[in-house]
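# Fold and geometry: a report
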Amino acid sequence: PTIKGLAQSDVQYDGSSLRIAIVYARWNNTVIDALVAGAVAKLKERGVKESNIVIETVPGSFELPLACSRMIAGSHVQASSTVPDLLGGLSFSGSLSPPKAPSRTGTPAPGAALNLPKQPFDAVIAIGVLIKGATMHFEYICDSVSQALMKIQLDTGVPVIFGVLTALTEDQALERAGLGRGASKGHNHGEDWGLAAVEMGSHVRRWAEGKFV
Amino acid sequence: PTIKGLAQSDVQYDGSSLRIAIVYARWNNTVIDALVAGAVAKLKERGVKESNIVIETVPGSFELPLACSRMIAGSHVQASSTVPDLLGGLSFSGSLSPPKAPSRTGTPAPGAALNLPKQPFDAVIAIGVLIKGATMHFEYICDSVSQALMKIQLDTGVPVIFGVLTALTEDQALERAGLGRGASKGHNHGEDWGLAAVEMGSHVRRWAEGKFV
Amino acid sequence: PTIKGLAQSDVQYDGSSLRIAIVYARWNNTVIDALVAGAVAKLKERGVKESNIVIETVPGSFELPLACSRMIAGSHVQASSTVPDLLGGLSFSGSLSPPKAPSRTGTPAPGAALNLPKQPFDAVIAIGVLIKGATMHFEYICDSVSQALMKIQLDTGVPVIFGVLTALTEDQALERAGLGRGASKGHNHGEDWGLAAVEMGSHVRRWAEGKFV
Amino acid sequence: PTIKGLAQSDVQYDGSSLRIAIVYARWNNTVIDALVAGAVAKLKERGVKESNIVIETVPGSFELPLACSRMIAGSHVQASSTVPDLLGGLSFSGSLSPPKAPSRTGTPAPGAALNLPKQPFDAVIAIGVLIKGATMHFEYICDSVSQALMKIQLDTGVPVIFGVLTALTEDQALERAGLGRGASKGHNHGEDWGLAAVEMGSHVRRWAEGKFV
Amino acid sequence: PTIKGLAQSDVQYDGSSLRIAIVYARWNNTVIDALVAGAVAKLKERGVKESNIVIETVPGSFELPLACSRMIAGSHVQASSTVPDLLGGLSFSGSLSPPKAPSRTGTPAPGAALNLPKQPFDAVIAIGVLIKGATMHFEYICDSVSQALMKIQLDTGVPVIFGVLTALTEDQALERAGLGRGASKGHNHGEDWGLAAVEMGSHVRRWAEGKFV
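How each quantity is defined
Throughout, a residue's number is its position along its own chain's written sequence, starting from 1. Key to labels: chains lettered from A, ligands numbered from 1, both in the order written. At least 70 in pLDDT is required for a residue's local features to be given in this predicted model, at least 80 for side-chain atom pairs to be given and counted, and no such filter applies to totals for whole chains, interfaces and linings, which use all residues. Hydrogens and water molecules were not included; the side-chain quantities draw on all heavy atoms of the structure. Here, two residues are considered to be in contact whenever any of their heavy atoms come within 4.5 Å of each other. Put simply, buried area is the surface a 1.4 Å probe can reach on two separate parts but cannot reach once they are joined, added for both. We define a salt bridge as a contact between a side-chain nitrogen of Lys or Arg and a carboxyl oxygen of Asp or Glu at a distance within 4 Å. For the exposure calls, accessible area comes from a 1.4 Å probe over protein chains only, and a residue counts as buried if that area is under 20% of its type's maximum, exposed if over 50%, partly exposed in between. Helix and strand definitions here come from DSSP, where helices need a minimum of 4 consecutive H or I residues and strands a minimum of 2 consecutive E residues; each element is numbered from the N-terminal end. Here, any two strands with at least 2 DSSP bridges between them count as paired. The handedness rule is simple: strands pointing away from the viewer, and a clockwise path from the first strand over the helix to the second, make the crossover right-handed. Helix axes use the C-alpha atoms of the stretch in contact, all axes being lines fitted to C-alpha atoms, and the angles between their N-to-C directions lie in the range 0 to 180 degrees. Lining residues are defined by having an atom within 4 Å of a point belonging to a cavity or pocket. Those points lie on a 1 Å grid over the protein atoms alone, cavities being sets where a 1.4 Å probe fits but cannot get out and pockets being open sets with protein on both sides within 12 Å along at least five of seven lines. Grid points are joined across faces, edges and corners, and a volume is the space filled by probe spheres set on the points. Note on residue categories: nonpolar means Ala, Val, Leu, Ile, Met, Phe, Trp, Tyr, Cys or Pro, charged means Asp, Glu, Lys or Arg, and polar means any other residue, Gly included. Our angle categories are set so that under 35 degrees counts as roughly parallel, over 145 as roughly antiparallel, 65 to 115 as roughly perpendicular, and the remainder as oblique. The least-squares superposition of copies is restricted to C-alpha atoms, and to residues with a pLDDT of at least 70 in both copies. In the analysis that follows, any N or O atom pair within 3.5 Å is treated as a polar contact, provided that within protein one partner can donate a hydrogen and the other can accept it, and provided that, for residues neighboring in sequence, both atoms belong to side chains. In a helix, the anticipated span is given by 1.5 Å times the number of residues less one.

## Focus: the interface of chain D and chain E
In this complex, chain D contributes 51 residues to the contact, which on the side of chain E involves 47 residues. In total, chain D and chain E occlude about 4100 Å² of area from one another, counting both sides; carbon and sulfur atoms represent 65% of this. Sorting the residues of chain D by area buried against chain E places Phe62(D), Leu66(D) and Tyr140(D) first, and these three jointly supply 18% of that buried surface. Counting across the interface, chain D meets chain E through 2 salt bridges.

What follows is the structure in structure tokens.
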């Protein structure tokens, strides 16, 4: 029997107070769609509020690290700019005008978004699907992206979940998104990434307070 | 059917307020010329003004990262030095004397260039064509260049589009520049890079204001 | 005869004043359990107090470096917050409320934990088991994790013991945890990691005082 | 017909005001000698003054990055210490005593050297010849050296020309130094490096002033 | 005839004023012993005083970079703490109590050591022997260690000599330590590392003063 596999945590981490960002690249979109959906489903299952899930997109996987980095920084800008105006007005309405780029989450009720201060992201999930091609593009993108996603989490202290499939064939990618064309449809790894984001976001908050299990 | 391919964004990003730099290496120039032309065409299609497209050249791909880094820094120097002189004169005419190095963009009208303050670059496209040779030169250059271009975008916050072909054969390079010698001429990847520069430049501006979709 | 093998130190390093953290990933848990147990056994054999062994868990090996980094930082927060209250009270009781996540160490007596100031970690052991699969996931995780664990020890000055098995087969992993299914059960590498943590923790304290052998 | 090859710049960059350092490793010296000579010849052809060419040596290629880094730093020390003494004396004569290590440039006239303030290096050429051997030494040295030379130019802003041959055979190295033993003697890559140093030194000065072509 | 090989410097660098650290890992100790002895012999041959050679040990090669980093830092602590007490006493005797860890250098006369201020290290030699095994451990340790040793010398400005054998077989390691079991005993690379340490230590001192050959 195989010894392989992830042992799920005994603890059900509570995501109800967490804010999570997902950023995905648009290459191999069929697979991406399933992975993003899997991640979102598990975030919600763990109690993350839909209004606390931010989803952005970039062209390719090489753009994922910059997106993570700038989105984390931007969430701090947003957090400090959405402190309720004590004088009774909302001075930041301009900066919260309806965005022009597409969102895969449902549109949040504008009123709610305007009235709640926004907190920095507790974790970011970076999702991409790289498939080996004829040139060496695959190898150099995989390498630089994986090193950079690691660097960002160390530099910012915010967990960055590695949601990048580095597949040698299309079938490998499909199977890891629960879309296998063979006997088994496979397991949707996006679900693992959603769970990992909630767990790591919880751990990091606790460790920041000097608490250990 | 293949699942591979880039899903174009639903959004047509507007480049009319963006300033974009292109820097290209001169190895394998036939391919380079097509890639640069493809990138410029898409920048213009998205509304980037010709006067806001800066094109520079370096000898080889190992020089691309330093060029990106120094050009981004230089664009900040330029931006601060081209604030219009409030006393009615132009004190910086010397620093905007006609450049001696060749440009692939048309010469901008000198008057316009002198009167408009210049803004820092919103994105840089680094274009090079590396083809596997007999030694291991290809591998070490590809590796250090891809890691460095990634580092620069994280360190500066300015998107650096990875326009480096890492091809094992000449035909692979030609096909990725729309110059294939076989049945298919292939797709000019320079076009993707132009579009990615406009998209990422737009995203980064928005994220910097703490706005998410 | 083979020349391979680790020459044990002539010195029995004393762990009685050291505080050591272990963080392990949950993939391939059978192997992980044995490795963690081996490390803990040697820590205790060298005199590390059970109350000075902190054990945390993360989903996968990609999460190990962030955990090391944040746990080291958190131990400094904890150290400064557990200075005994000179006015006779314990103002930090809230922050030492019973943790909710599972611990593999026995629960320390609450009173003892509350009364003793906590010191920063002298070393961290990062334990994970990676086994080669069909995609290139193994390679990119191994590479980014090993580089990041190295970076953390250089950046923080705290020894991070590389307890990550990078195995091509399940049998290789089992043998390195003393669980071999063949003629030899193999050597539990977790024991080496426990000894290395005590030795390196001792060295680093001495070097920090400008003392050399 | 091949598409490979470097397209020479249309511009003849002027090296007459530039100061360039060369540092070479001493492994495989026959090849090194030819490469250094090729680089020096092109520097002079572009107008770099002999007194502005500094040549140093280190044992192996692993030492090249530290040498580049320390030589760039040292050139700033030298530049600030050689400001002419306005009170009529030369207070720094001691620090310019005749060097003890060998130089491949002709000995400059001591008087001239003492009277001219020295400027920081505009570019550094790092020259080494690595040839694949039986162990993996070649791979790890090539990798760490290429990454480090890239890092130095990004950290200092000074172009570091990658003059390291990463050859699988001796013949490959000889051919890239113009010393081929076969039908073709090959092209001396040192010449390209000399030209690249002048070009990049010129670009970087211009970009630092916020000027683009 | 082969072109391979290291061309020895024409200059005999003088080590009489240098202080050099050696740190070695204990895996494959037979080879290590010979390499350390070879390095020490050449240090002494170049005039490095025995009291200026510090030798430390760590369990494995992954620990070498942290040791180099912390030992360099510690030597600065030591240098500032061993300034002779101008009031006639020796206030630092406690910190120079007899070390407990083993030393391969002879024990220096206590009086001499106490009376002489200690200087920071001019170079560090990191010695390890890695031999390819069944898992990928070899590759990831070699890679992270070589990158980290490079990083340390760039970050600290102190030469770190790469004394790590990355051998595919035991015989390769033995031959590079002068212990070959075949017709040739091979060359002890430790000797080269000792010479390189003296040469680089000399260069770095000179460059720091802005002096070039």
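Once the structure has been displayed, the description carries forward.
## Some words on the pairing of strand β1 (residues 20–25) of chain A
All names here are of chain A. Most of β1 sits out of view: 6 of its 6 residues are buried. Of the two faces of β1, the one carrying Ile20, Ile22 and Tyr24 and the one carrying Ala21, Val23 and Ala25 are both buried. Sheet topology note: the β1/strand β2 (residues 53–58) ladder contains 6 bridges and is parallel. Within the sheet, the bridge partner assigned to tyrosine 24 lies in β2 and is threonine 57. On the question of chirality, the crossover connecting β1 to the parallel β2 by way of helix α1 (residues 29–45) is right-handed. Pairing of β1 with strand β3 (residues 123–131) involves 5 bridges; the strand directions are parallel. Bridged to alanine 21 within β3 is valine 124.

## Describing the sheet that holds strand β3 (residues 123–131) of chain B
Backbone hydrogen bonds hold the strands of a sheet together, and the pairing may be parallel or antiparallel. Residues and elements named next belong to chain B. Reading across from one edge, β2-β1-β3-β4 is the order of the 4 strands in this open sheet, with parallel pairing throughout. Strands with a single pairing partner mark the edges of an open sheet, and in this sheet they are β2 (53–58) and β4 (160–167). Across this sheet, the average inter-strand angle for adjacent strands is 15°, counted without regard to direction. The strands touched by helix α1 (residues 29–45) within the sheet are β1 (20–25), β2, β3 and β4, with β3 carrying the most contacts at an inclination of about 155°. Seen against the sheet, helix α2 (residues 64–81) touches β1, β2, β3 and β4 and runs at an angle of roughly 155° to β1.

## Let's talk about the sheet that holds strand β3 (residues 123–131) of chain E
All names here are of chain E. Ordered by their spatial adjacency, 4 strands build an open sheet running β2-β1-β3-β4, and the pairing between neighbours is parallel. Pairing within the sheet leaves two strands with one partner each, and these edge strands are β2 (53–58) and β4 (160–167). On average, each strand axis in the sheet is tilted by 15° relative to the strand beside it, whichever way the strands run. Along the sheet, helix α6 (residues 189–208) makes contact with β1 (20–25), β3 and β4, crossing β4 at roughly 155°.

## Section: empty space enclosed by the protein
Summed over the entire model, instances satisfying the criterion amount to 2 cavities of 30 Å³ or more. Size it by volume and the largest cavity reaches roughly 120 Å³. Lining of the largest cavity is provided by 13 residues; of these, Arg26(B), Gln8(D), Leu195(D), Ala196(D) and Glu199(D) occupy positions nearest its centre. Considering only residue class, the lining of the largest cavity consists of 7 nonpolar, 2 polar and 4 charged.

## Brief notes about the packing of α2(B) against helix α6 (residues 189–208) of chain D
The axes of two packed helices give the description: the angle between them and the distance between them. At a closest axis distance of 8 Å, the pairing of α2(B) and α6(D) adopts a crossing angle of 25°. With respect to their mutual orientation, α2(B) and α6(D) come out roughly parallel. Between α2(B), through Leu66(B), Ala67(B), Arg70(B), Met71(B), Gly74(B) and Val77(B), and α6(D), the contact on the second element is made entirely by Met200(D), Val204(D), Trp207(D) and Ala208(D). Here the residues of the contact of α2(B) with α6(D) are counted per class, giving 8 nonpolar, 1 polar and 1 charged.

## Notes on the relation of the copies chain D and chain E
Under the fitted operation, chain D is carried onto chain E by 0.0 Å of movement along the axis and a turn of 72°, and the coordinates agree to an RMSD of 0.0 Å. Accordingly, the operation relating the two chain copies is best matched by a five-fold axis. A different interface surface on each copy is seen, since only 4% of the contact residues of chain D are contact residues in chain E too.

## A word on the interface of chain A and chain B
On the chain B side, the residues contacting the 51 residues of chain A number 47 residues. At the boundary of chain A with chain B, total buried surface from both sides reaches about 4100 Å², with 66% on carbon and sulfur atoms. Counting the surface chain A buries against chain B, the share from its top three residues, Phe62(A), Leu66(A) and Tyr140(A), is 18%. Our count for the contact surface shared by chain A and chain B stands at 2 salt bridges. The closest approach of N and O atoms between Glu199(B) and Arg26(A), which form a salt bridge, is 2.7 Å. Seen at the junction of chain A and chain B, the total is 14 residue pairs in polar contact (both at pLDDT 80 or more). Looking at the side of chain A that touches chain B, the elements with two or more residues in it are α1, β2, α2 (64–81), α4 (137–156) and α5 (170–175) of chain A.

## A few points about helix α6 (residues 189–208) of chain A
Residues and elements named next belong to chain A. For α6, spanning 20 residues, the distance from its first C-alpha to its last is 28 Å, which sits close to the expected 28 Å at 1.5 Å a residue. Burial of α6 is extensive: 16 of the 20 residues sit out of reach of the surface. One side-chain oxygen at the N-terminal end of α6 lies 2.8 Å from the backbone nitrogen of glycine 190; it belongs to asparagine 188.

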